[in-house]
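Chain and residue survey
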Amino acid sequence: MDTKPLRLFLTLADTLHFGRTSSMCHVSPSTLSRTIQQLEDELGVPLFYRDNRSVTLTREGQRFQEYARDTLMRWDGLRHALQEDRRILQGELSLYCSVTASYSFLYDLLSSFRHQYPRIELKLHTGDPAQAVQRVQQGEEDIAIGARPDHLPAGIAFRPIARSPLLFIAQAGQTQQAERLNGPANKSAWEDIPMILSEEGLARDRVDRWFRQLGVKPHIYAQVGGNEAIVSMVSLGFGVGVVPKIVLDNSPLAGRTRQLDVQPALAPYEVGLFTQERRQEEPLINAFWSQLGDT
């Protein structure tokens, strides 16, 4: 839309001086005169009275002045609004995490994110945290929340959120068993303990290493997907489990279990966000990633 004729007209209507208007608008006097004449021809009425001494608006010119001001105000408002809409991020972002992570971290992250970016649609998928990195690697998810592995795969970026101890837990009522297992690890004490462990993932890697260093082949009662199920089975007395503390803190069954003071302790979890390095600068991913600030 060419709004230049209207802007030239309004400036002339304010100054009532062709020479001053052409200088202010950076056009030649002939261009200004030709533009005003074209407007008058299109409207079929004179907009200015002009003689050798003065320039004044006609009655039609006064009405056209109101129209031009209103039109330009609306045009500028619409243009700015459309440009602002274009700057607002919108689209779809997929996020994967465990049920526990959704309790522990998502509320704070998403409360701020939804306020800042209301047009981004989030698709949340929950499942075994051991799958977090793999789902990002395979492009199934844009971002995942999980525990940082000991060796981060090439091409995967990680930003930490929190640290969580990795705990041995037993049923609350099994006092004798707790007394037997607490303290420095004893090979004979652990050889016949039924263990409930994750099928895969960082916790499984670390507990397997722990048993190897102790020189014990663990008696595995059950292998499950997801830490929440481990807490459930331990609370029922099926065996001893290993879970991150954040899982226990958010479990409704935490009161039916007890933490074991086992030495040496397992290395803690470092929980955070994963995404593909090459996608970090994509606007939607960068917006979510930036919720954690600089690290």
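Conventions we followed
- Residues numbered from 1 in each chain as written.
- Predicted model: local features only at pLDDT ≥ 70, side-chain atom pairs only at ≥ 80, totals over all residues.
- Heavy atoms only, no water.
- Buried < 20%, exposed > 50% of the residue type's maximum accessible area, 1.4 Å probe, protein only.
- Helix = DSSP H or I, 4+ residues; strand = E, 2+ residues; numbered from the N terminus.
- Pairing = 2+ DSSP bridges.
- Phe/Tyr/Trp six-rings, centres within 6.5 Å; stacked < 30°, edge-to-face > 60°.
- Salt bridge = Lys/Arg side-chain N within 4 Å of Asp/Glu carboxyl O.
- Core = buried A, V, L, I, M, F, W, Y, C linked by side-chain atoms within 4.5 Å.
- Contact = heavy atoms within 4.5 Å.

Below, the discussion takes up the pairing of strand 13 (residues 266-276). With 8 of 11 residues buried, strand 13 is to be regarded as a mostly interior element. Direction of pairing for strand 5 (residues 143-147) relative to strand 13: antiparallel, over a ladder of 4 bridges. Paired with Ile-145 across the strands is Leu-273, a residue of strand 13. Two elements, strand 6 (residues 156-171) and strand 13, share 9 bridges in a ladder whose sense is antiparallel. Paired with Pro-160 across the two strands is Gly-272, which belongs to strand 13.

Here we come to the packing of aromatic side chains. All told, the structure shown has 12 aromatic pairs when counted by the stated rule. Both rings, one in Tyr-221 and one in Phe-238, keep their centres 5.7 Å apart while their planes meet at 15 degrees; by these two values the pair is stacked. Of this pair, Tyr-221 sits in strand 9 (residues 219-224) while Phe-238 sits in the loop between helix 10 (227-235) and strand 10 (240-244); the two residues are 17 residues apart in sequence, bridging distant segments of the chain. With a relative accessible area of 44%, Tyr-221 lands in the partly exposed category. Taken together, the aromatic side chains of Phe-9, Phe-48, Phe-64 and Tyr-67 make up a single cluster linked through ring pairs.

It is worth spelling out the pattern of salt bridges at this point. Evaluated as defined, the whole model comprises 14 salt bridges. For Asp-14, the salt bridge goes to Arg-69, with nearest N and O atoms at 3.3 Å. Linking Asp-14 in helix 1 (residues 4-15) with Arg-69 in helix 4 (residues 59-87), this pair joins segments that are 55 residues apart in sequence. In this structure, a network of salt bridges that share partners links the residues Arg-135, Glu-140 and Glu-141.

The next point concerns the nonpolar core. Within the largest apolar cluster, 44 residues are counted, with the highest numbers of intra-cluster contacts made by Ile-145, Phe-168, Trp-190, Met-195 and Val-240. By residue number, the principal contributor to this core is helix 9 (residues 202-214), which donates 6 residues. With residues up to four places along the chain from it excluded, the contact list for Met-195 reads Phe-168, Trp-190, Phe-211, Pro-218, His-219, Ile-220, Tyr-221, Ala-222, Val-240 and Val-242. Core analysis: the second largest hydrophobic core is formed by 18 residues, Leu-6, Ala-13, Phe-18 and Val-27 among them.

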